[in-house]
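Reading the structure
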Amino acid sequence: MAELSRHSGDPAKADMPRRRVWWLVWAYPPRFRRDVGQSLVDALDDRMRARRAAGLSVTAIWMSALADTLRNATAEWMDALRIAVRRSAFDVRRSGSAFERRTAMDSLMQDVRYAFRLWRRRPGFALVAIVTLALGVGANTAMFSIVNAVLLRPLPYAHGDRLAVLWAKTASRPQSLLSWDEYLAYREQKESFDAVALWLGQSVNLTAVNEPQRIVGVFATGSFFDVLEVKAERGRFFSEEESAAGTAKPVVVISHQFWQRQFASDPSAIGAALTLNGTPMTVIGIMAPPFDMSSVPADGWFINYDVFIPVGLFPVPGGIEHAGPGMLGVTRLKPGVTVTAANANLAVVSSRLLAANPKAQNGRTAEVVSAQESIVGDSRTPLLLLLASVGVVLLIACVNVSNLLVARAVDRQREIALRSALGASRWAVLRQLGVEAMLLAAVSAALGLAIGRWSLQGLTWLRPPSVPIPDQIPLDTRVLVFTLGVGAAVALLCGLAPALRMTQPDLNRVLQAGGRSNTGGSRVTRDVLVVAEIALSVALIAISGLLIHSMLSLQRVRVGFDSSNVFTLQFRLPTAKYPRPEEIAGFFREAVSHVRGVAGVESVALVRRVPFSGNWGDTPFTVEGRPVPQGQEPRAGQNIVTPDYFKTMRIPLMRGRDFTDRDDLQSPPVTVVNETMARMTWPGDDAIGKRINVPDFKEPLTVIGVVGDTKHRSSTEPAQSQLYLAHYQLPMIFSSLVARTAVQPLSITTEVRRAIWTVDKDQPMWSVAPLDRLVESSHGSTRFLASLLAMFAGVALLLAAVGIYGVMSYAVTERTHEIGIRMALGASADRVMREVVGRGLILTSIALAVGVPAAIGLGRLARGVLFAVEPSDPLTLAVATVLLASVSLAACYFPARRASRVDPVRALADE
Amino acid sequence: MPLRPVEFHVLLALAPEERHGYAILQEVANLTDGELEIEPGTLYRALHRMLEDGWVAESARRPAADVDDERRRYYRLTPLGRRIATAEANRLSRLVSVARAHRLLPDG
């Protein structure tokens, strides 16, 4: 033993590696640890040192120590449990005999082999059980992965949990855009923020390349890169000064993907020139992609942007400093500062700002909302709803498999009784059943994990627009732990409960009765479980019915225009080429007349914001003769259109007239309002001829027409005031084209592009889409939710039907003898059948009595995702009830028929 | 009543003198010419079982001071343990004689 070094000297130093080894020993049962734990630690430590001295790697050494511990600790625990169980049970045999002293490991392996043998003999049972459970586990894994990726994941920046959105707050709108002055004021707010930045994403024209294209850009202050704590992969970022209004330089930072795409990752991209929005800019840096890109929400947070441009170059007339509020704020909170604390500080700053500049500030304050919350907020309810439904399906699956196992255990009663009589202890039987259940759970969990990953591909493909599911959903430890936890819970629910009940055989009774003992206690439990299953199914069917109802209502909403056969696209003119309104108007007129000439086009118009395109804006207005204090003006949704817009969209003109070509820069400004605005602003009076003031015009506008209401952002929005301005009176560089076609809208795409290119060959266009697709995709998330829930409800219904069938069928088998007697004594087949069905109906009724209120409760919780339907909608509940009742009846029918066909002679003879 | 191999090896290792855990591991390796290398966990399970059955006990005496490591626990055979080891040895020895008689083993 001389080679082993003694720990002479500092005991504390020698103890350090031992502490880590103690973690291993901690896995053993307490009594074992108490008796030999310390000694084991010493031995393990010595073994590891010796191996290290022999030259093995640290990893290998720890791996073998881990394996050793796992194997032996498990076995020790098995032994400890066995002793504990034996102490609590009636045991014929004495303990401590040599026969018993095979180690737990051997018994375990034997049980596993036995279980496999049993399964091979009854492959149907094993297959059904495993597949049922695997489907349940798989669906849960997939759904949890999504919830994990969306709700639980931080943003992929260094301190993503500290990022927050900075909103301006007004009386009418709690989440409003910031102005340049506000940004400057809040930037100085050092108490709560590490850094503040101003930004806005926009389509940017990339020209002086082979084909003019539109790329996605972010106009940002230099502090933007600071806030996100991103690094420049190459080159550098622009500074605060280089991006500020007035001192902005024509430099641009490009993203990693853009660099790969546009420059094929050529390092000479730094210093290259890009013509953006008509202005030549120099590339000064490449932004390194944030780490872990794979798990980022699809549209979120600067991941898919191509270029970053100094905010001072934002294309707005007069420059960013005079443009009023128009940008978004983002900030990184100081460590330890909560959102509430930051908001308190902000209140102080805004009141200072208000005092200094009351006219411009207009009662505006500011607020931060955590970034995570702003991305995820809306999706929380639907995702949790989905998770809950999938959990319900799993629960039902577990109940079914549990019943299956009980039924099988009862079948095996004789065998179990024999084993007991031959000397197997209660512990051994319990262990065998338990091992089988765990094995079932383990195999199902593994299969379920695979199914889960696979169905995840399908789900992400379906990705609905407003639930921010990232492109790739990773399989991380949290999901694995979740799946394992589910698997373990399944094993407990399915296996141990029935197993515990089945190991109390009264040996004599069982052997004499030939294996058909009346296990009354377990029957009640089984009935309770089935009732629970049915109740859960009802709840699930009801909630999916409510969602389907919502979906249908959404689709039936009248949007106020005819969205079929309308072609749309968007474009932005470069300010450099079109510096004056007259030039923009000139482009508009030519573009419209050229597109009108395209074959298949019935009418064409330009509109600043196409409904349901995601673009939206509103404006304050004052009515002539009705002065209103600043900051309290009424607001109306604003849109700017050329003549024929209403005709193209088939929005009815209720009174007055449409814009014409003569409403241009030289003529007095006019406006068209919608019905709601006319009714609300001039109740009981004619709106035509009235005058209003809007910020865009110095002179007052005259109302020349009233049109029907339209929905602009979503089908669920309430009616609101809308006013339209004439595009030839207010030409803007950004606009959209809408054209009513006699043919499929997308079929004219190339022709329309060519038509516009004859006016300006360098003009990029984007977002080509038929209008009905835009409207439909706004219903995307409801449709997604409804389809998924309907699918789960269907599966739940199927499983519940299988469950009822199983229980009924089993009850009939159990009582075959009794039925035989009764039929021999004169009971008719019909009577017997009615009794079985009657029992099924009773169970179903109880289940419905429980399930329907549960469904209403669930509906109330999920109210946020419902549309135009109450949680207690009687039609939906009635349908769910009838559906379930009929399925129950059908499931009872076959066992009932079997009961009625019992041959009394055979039944009696089978004694 | 055949003993498990681990148990018998431990008893053999403890027969000549008291040892602590790691020393038992090394001795077992020696006895089998390096063929049987037990992991500490396996050893201690057997040791724990034998402690509970009274075949092995912790030693109250300490060996000579120069090879003593104060914190370690030493184990020794109890009289019962010694008897069991002897019985097993005899049983194996009889088997070996039979094997010799049937020419499975060379005489020796």
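Computed from a predicted structure; not experimentally measured.

Let's shift gears to a nonpolar patch on the surface. Together, Met63(A), Leu66(A) and Leu70(A) give the surface a local cluster of nonpolar side chains, amounting to about 300 Å² of exposed area. Among the residues examined, Leu70(A) registers a relative accessible area of 57% and is labelled exposed.

By size, the foremost hydrophobic cluster in this structure holds 136 residues, and its most contacted members are Phe224(A) and Leu276(A). For this core, the leading source of residues is helix α24 (residues 780-814) of chain A, giving 14 residues. Ranked by size, the runner-up nonpolar core spans 37 residues in total, among them Val36(A), Val41(A), Leu11(B) and Ala85(B).

The next thing to look at is empty space enclosed by the protein. Residues and elements named next belong to chain A. A complete count under the given rule lists 8 cavities of 30 Å³ or more for this structure. Size it by volume and the largest cavity reaches roughly 110 Å³. Around the largest cavity, the lining is made up of 13 residues, and of these Gly637, Gln638, Asn639, His712 and Gln722 lie nearest the centre. Residue assignment for the lining of the largest cavity shows that the elements contributing at least two residues are β15 (635-641) and β20 (722-726).

To continue, consider the packing of α24(A) against helix α26 (residues 829-861) of chain A. All names here are of chain A. At a minimum axis separation of 11 Å, α24 and α26 run at an interaxial angle of 140°. Between α24 and α26, the crossing angle belongs to the class labelled oblique. The two elements α24 and α26 cross, and the hand of that crossing is right-handed. Along the contact surface, α24 presents Met808, Ala811 and Val812, while α26 presents Val836, Arg839, Gly840 and Leu843. Residue classes in the contact of α24 with α26 are distributed as 5 nonpolar, 1 polar and 1 charged.

What follows concerns the packing of helix α1 (residues 5-14) of chain B against helix α2 (residues 21-31) of chain B. Residues and elements named next belong to chain B. For the pair α1 and α2, interaxial distance at closest approach is 9 Å and the crossing angle is 100°. Relative to α2, the element α1 lies roughly perpendicular. Touching His9, Val10, Leu12, Ala13 and Leu14 of α1 are Ile24, Glu27, Val28 and Leu31, all from α2. Across the contact of α1 with α2, the residue classes tally to 7 nonpolar, 1 polar and 1 charged.

Residue and element names in this part refer to chain A. Counting across every chain of the model gives 20 aromatic pairs over all chains. When the centroid spacing of 6.0 Å and the interplanar angle of 65° are considered together, the rings of Phe225 and Phe308 count as edge-to-face. Remark: Phe308 occurs in strand β8 (residues 307-310) and Phe225 occurs in helix α7 (residues 223-228); sequence separation between them is 83 residues. Here Phe225 matches Phe308 in class, with each residue buried. Note on Phe571 and Phe588: the rings are 6.3 Å apart at their centroids and 75° apart in plane angle, and the pair reads as edge-to-face. Taken together, the residues Phe571 in strand β11 (residues 566-572) and Phe588 in helix α19 (residues 581-596) connect sequence positions 17 residues apart. Through a chain of ring-to-ring contacts, the aromatic side chains of Phe224, Phe225, Phe237, Phe238 and Phe308 assemble into a single cluster. Over the face of the ring belonging to Tyr728 we find Arg589, whose NZ or CZ atom lies 4.1 Å from the ring centre. Just above the ring of Trp616 sits the side chain of Arg713; from NZ or CZ to the centre is 3.7 Å.

So, on to the confidence of the model for chain A. Residues and elements named next belong to chain A. Overall, the prediction assigns chain A a mean pLDDT of 81, with 88% of residues at 70 or greater. Here residues 90-101 is modelled with pLDDT under 50, and outside its nearest four sequence neighbours on either side it reaches 14 contacts, counting other chains as well. Per-residue pLDDT stays below 50 along residues 514-518; that stretch engages in 12 contacts with residues further than four places along the chain or on separate chains.

Residue and element names in this part refer to chain B. Read from one edge of the open sheet, 3 strands run β1-β3-β2, paired in antiparallel fashion. Taken across any chain shown, the strands that pair with only one partner, and hence form the sheet edges, are β1 (19-20) and β2 (56-58). In terms of strand pairing, β2 meets strand β3 (residues 74-77) through 3 bridges, oriented antiparallel. Within β3, the residue paired with Glu58 across the bridge is Tyr75.

Our next topic: the environment of Leu440(A). Residue and element names in this part refer to chain A. Within the secondary structure, Leu440 is located in helix α15 (residues 426-461). For the pair Leu440 and Ala491, spaced 51 residues apart in the sequence, the C-alpha separation amounts to 7.3 Å. Setting aside residues no more than four positions away along its own chain, Leu440 makes contact with Trp119, Ala129, Ile130, Leu133, Val401 and Leu405.

Looking now at a positive patch on the surface. Side chains of Arg113(A), Arg117(A), Arg120(A) and Arg121(A) sit close together on the surface and give a patch of like positive charge. Judged by relative accessible area, Arg113(A) falls into the exposed class, the value being 52%.

Chain-level statistics for chain B give a pLDDT mean of 83 and a share of 85% at 70 or above. The complex model carries a pTM of 0.63, and its ipTM stands at 0.88.

Below, the discussion takes up helix α23 (residues 771-778) of chain A. Residues and elements named next belong to chain A. Among the residues of α23, those classed as buried are Leu771, Leu774 and Val775. For α23, the angular spread of buried residues about the axis comes to 95°, placing them on one side. Buried residues along α23 sit in contact with β11, α20 (645-649) and β22 (766-770).

Now for the pairing of strand β5 (residues 251-255) of chain A. Residue and element names in this part refer to chain A. The element β5 is extensively covered by neighbouring structure, given that 5 of its 5 residues are classed as buried. Alternating residues of β5 divide into Val251, Val253 and Ser255 and Val252 and Ile254, and every residue in both groups is buried. As judged from the 5 bridges shared by β5 and strand β7 (residues 279-287), these two strands associate in the parallel manner. Among the inter-strand pairings, Val251 is bridged to a residue of β7, identified as Thr282. Here 2 bridges tie β5 to β8, and the two strands are oriented antiparallel to one another. By the bridge assignment, Ile254 is partnered in β8 with Val307.

Pairing between side chains becomes possible if they bear opposite charge and their charged atoms approach one another. Residue and element names in this part refer to chain A. For the structure shown, the criterion picks out 36 salt bridges over all chains. Its salt-bridge partner being Asp194, residue Lys334 comes within 3.7 Å of it at the nearest N-O pair. Residue Lys334 is located in the loop between β9 (328-333) and α10 (339-356), and its partner Asp194 is located in strand β2 (residues 193-207); the two are separated by 140 residues in the primary sequence. Residue Asp618 pairs with Arg635 through a salt bridge whose shortest N-O separation is 3.1 Å. Remark: Arg635 occurs in strand β15 and Asp618 occurs in strand β13 (residues 618-620); sequence separation between them is 17 residues. Relative accessible area serves as the criterion here: at 34%, Arg635 is assigned to the partly exposed category. Beyond isolated ion pairs, a larger network of salt bridges with shared partners links Arg162, Asp194, Glu229, Arg332 and Lys334.

What follows deals with unusual backbone geometry. All names here are of chain A. At Ser265, a residue that is not glycine, the phi angle is positive and equals roughly 55°. Take Ser265: its relative accessible area is 31%, and that puts it in the partly exposed class. Phi angles above zero are rare outside glycine, and Asn277 is one such case at about 50°. When you line up the elements, Asn277 lands in the loop between β6 (273-276) and β7. Owing to a relative accessible area of 10%, Asn277 belongs among the buried residues under this scheme.

Once that is clear, we can look at the pairing of β2(A). Residue and element names in this part refer to chain A. The buried fraction of β2 is high, at 13 of 15 residues. In terms of strand pairing, β2 meets strand β3 (residues 213-220) through 8 bridges, oriented antiparallel. Opposite Gln202, over in β3, you have Gly217 as the bridge partner.

Attention now moves to the side chain of Arg572(A). Residues and elements named next belong to chain A. By the secondary structure assignment, Arg572 is in strand β11. Salt bridges are absent for the buried Arg572, whose nearest opposite-charge side chain, Asp306, sits at 12 Å. For Arg572, the contacting residues outside a window of four places in its chain are Gln202, Ser203, Asn205, Asn277, Ile733, Phe734, Gln763 and Trp766.

Residue and element names in this part refer to chain A. Structurally, the position occupied by Met808 is in helix α24. Given the relative accessible area of 2%, Met808 is considered buried. Residues Met808 and Phe894 lie 86 residues apart in sequence; the distance between their C-alpha atoms is 9.0 Å. Dropping the residues within four chain positions of it, Met808 is found in contact with Val836, Arg839, Gly840, Leu843, Cys892 and Pro895.

Reading the values: rules and limits
- Residues numbered from 1 in each chain as written.
- Chains lettered and ligands numbered in written order.
- Predicted model: local features only at pLDDT ≥ 70, side-chain atom pairs only at ≥ 80, totals over all residues.
- Heavy atoms only, no water.
- Patch = residues over 30% accessible without salt bridge, like charges linked within 9 Å, V, L, I, M, F, W, Y side chains within 5 Å.
- Areas by Shrake-Rupley, 256 points an atom, 1.4 Å probe, with all protein chains shown as cover.
- Salt bridge = Lys/Arg side-chain N within 4 Å of Asp/Glu carboxyl O.
- Buried < 20%, exposed > 50% of the residue type's maximum accessible area, 1.4 Å probe, protein only.
- Core = buried A, V, L, I, M, F, W, Y, C linked by side-chain atoms within 4.5 Å.
- Helix = DSSP H or I, 4+ residues; strand = E, 2+ residues; numbered from the N terminus.
- 1 Å grid on protein atoms, 1.4 Å probe; cavity = no way out; pocket = protein on both sides within 12 Å on 5 of 7 lines; lining within 4 Å.
- Points joined across faces, edges and corners; volume = space filled by probe spheres on them.
- Axes fitted to C-alpha atoms, helices over the stretch in contact; angles between N-to-C directions.
- Parallel < 35°, antiparallel > 145°, perpendicular 65-115°, else oblique.
- Left-handed = near helix turned anticlockwise from the far one by under 90°.
- Contact = heavy atoms within 4.5 Å.
- Nonpolar A, V, L, I, M, F, W, Y, C, P; charged D, E, K, R; others polar.
- Phe/Tyr/Trp six-rings, centres within 6.5 Å; stacked < 30°, edge-to-face > 60°.
- Lys NZ or Arg CZ within 6 Å of the ring centre and 35° of its normal.
- pLDDT = per-residue confidence, 0-100.
- Pairing = 2+ DSSP bridges.
- Lys, Arg positive; Asp, Glu negative; His and termini not counted.
- Charge placed at Lys NZ, Arg CZ, Asp CG, Glu CD.
- Arc of directions from axis to C-beta.

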